[in-house]
Amino acid sequence: MAEGLSASGYAVLRLDKRGWAEGGNDQVDMTLDLLCEDVVSALSYLKTRADIDHESMFVLGHSEGGIVAQKLAADLPWLRGTILYCAPITPLHELTHDQTAYTLRLAGTAESDIDTALHKNKQDYEKIRKGEYPEQTFNGSPTLHWRSLILHNPMATLRKCPPTTSVLILSGAKDWQIPPREAIRIHNELLKLNHENVDLHIFSMLDHFLLEEKGVSRVENYFVKRRNIPPYVLQTISQWLERACNPEN
């Protein structure tokens, strides 16, 4: 994605999520607000550079990063726009119930066992919401972070996005983690709020990473082989950015 947009003439700053890759190893204190602060720091850095058009800055967020992107679009009215890439509008902990059921059904798990697993998840999320969960991590992420996501209201945040902020919404029809209904809900809500420039694209053969999947999308297929973002996705984004930066054209 970054390489393709750079080749189209856009300056791209990729930010490692706190606790991953070069973002350090300590995730215990991570929260949604801290992730947003990290991106704000990155944007502040870009504003120090003379080779960046400070009037045409965009934030692209994928999946959970799409929650961050929506929050920043609401809080930073000077952003030219945001690209929501397989981003949710349903609270993320609620979506995990569908994700769990999907993967368990693919594995051939009995429906009664799926019901038991979902009931346990709901109990755990309620403990996290109340601050009563005993462990520092839950499902591989900090419990504090899960609590910040549970307490976050994505729809209320989306409604704070200024109508002048351009929004591009991308989704894959084979995305079972953040299904395309989420993109449609975001699009419809922004239209109701009379946004001046909102665009929606759902690609029929693409998965959660906007990579082509010929069969059934499964976790184990994600990184079995090297796959690149399809050129038509990059073209969609590049053309949208051109229109957003030069609306008079």
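(A) Focus on the overall build of the protein. In terms of regular secondary structure, the protein is built from 9 helices and 6 strands. Taken against the 2.2 N^0.38 rule, which gives 18 Å for 249 residues, the C-alpha radius of gyration of the protein at 19 Å falls within 12% of a compact globule. Principal-axis analysis of the C-alpha atoms gives the protein an extent of 60 × 40 × 40 Å. Buried positions account for 46% of the 249 residues belonging to the protein. Taking the contacts inside the protein whose residues are at least 6 apart along the sequence as the reference set, 65% of them involve residues at least 24 apart. Distance from the positive charge centre (26 side chains) to the negative charge centre (33 side chains) of the protein: 3 Å.

(B) Main features of the sheet that holds strand 6 (residues 198-203). The 4 strands are arranged 1-2-5-6 in an open sheet whose pairing can be described as parallel. Across the chains shown, the open sheet's two edge strands, defined by having one partner strand only, are strand 1 (58-62) and strand 6. Across the sheet, the axes of successive neighbouring strands diverge by a mean angle of 10°, strand direction being ignored. Bridge analysis of strand 1 against strand 2 (residues 81-85) gives 5 bridges, and the strand direction is parallel. Within strand 2, the position partnered with phenylalanine 58 by the bridge is glycine 81. Helix 8 (residues 180-192) contacts strand 2, strand 5 (166-172) and strand 6 of the sheet and is inclined by roughly 165° relative to strand 6.

(C) Examining the nonpolar core more closely. Counting residues in each nonpolar core, the largest one holds 39 residues, and the members touching the most others are Leu43 and Leu72. With 6 residues, the single largest contributor to this core is helix 2 (residues 32-46). Discounting residues that sit within four places of it in the chain, leucine 43 has contacts with Met57, Val59, Leu76, Trp78 and Leu79. Counting residues in hydrophobic clusters, the runner-up holds 17 residues, among them Val233, Leu234, Leu241 and Ala244.

(D) Geometry of helix 2. Under the 1.5 Å per step criterion, the end-to-end length of helix 2 is 22 Å for 15 residues, consistent within 8% with the ideal 21 Å. In this fold, the buried residues of helix 2 make contact with strand 1, helix 3 (64-75) and helix 6 (143-151).

(E) Spatial organisation of unusual backbone geometry. Backbone geometry places cysteine 86, a non-glycine residue, at a positive phi of 55°. Within the secondary structure, cysteine 86 sits in the loop between strand 2 and helix 4 (92-106). Within the chain, asparagine 194 stands out as a residue other than glycine whose phi angle is a positive 60°. Among the structural elements, asparagine 194 can be located in the loop between helix 8 and strand 6.

(F) Representation of the pairing of strand 2 in the model. Most of strand 2 is tucked away, with 5 of its 5 residues classed as buried. Residues Gly81, Ile83 and Tyr85 of strand 2 are buried on one face, and the alternating residues Thr82 and Leu84, pointing to the opposite face, are buried as well. Viewed along the sheet, the connection from strand 1 through helix 3 into strand 2 turns out right-handed.

Basis of the calculations
Residues numbered from 1 in each chain as written. Predicted model: local features only at pLDDT ≥ 70, side-chain atom pairs only at ≥ 80, totals over all residues. Heavy atoms only, no water. Helix = DSSP H or I, 4+ residues; strand = E, 2+ residues; numbered from the N terminus. Rg over C-alpha atoms; globule rule 2.2 N^0.38 Å. Buried < 20%, exposed > 50% of the residue type's maximum accessible area, 1.4 Å probe, protein only. Contact = heavy atoms within 4.5 Å. Lys, Arg positive; Asp, Glu negative; His and termini not counted. Charge placed at Lys NZ, Arg CZ, Asp CG, Glu CD. Pairing = 2+ DSSP bridges. Axes fitted to C-alpha atoms, helices over the stretch in contact; angles between N-to-C directions. Core = buried A, V, L, I, M, F, W, Y, C linked by side-chain atoms within 4.5 Å. Expected span 1.5 Å × (residues − 1). Right-handed = clockwise from strand over helix to strand, strands pointing away.

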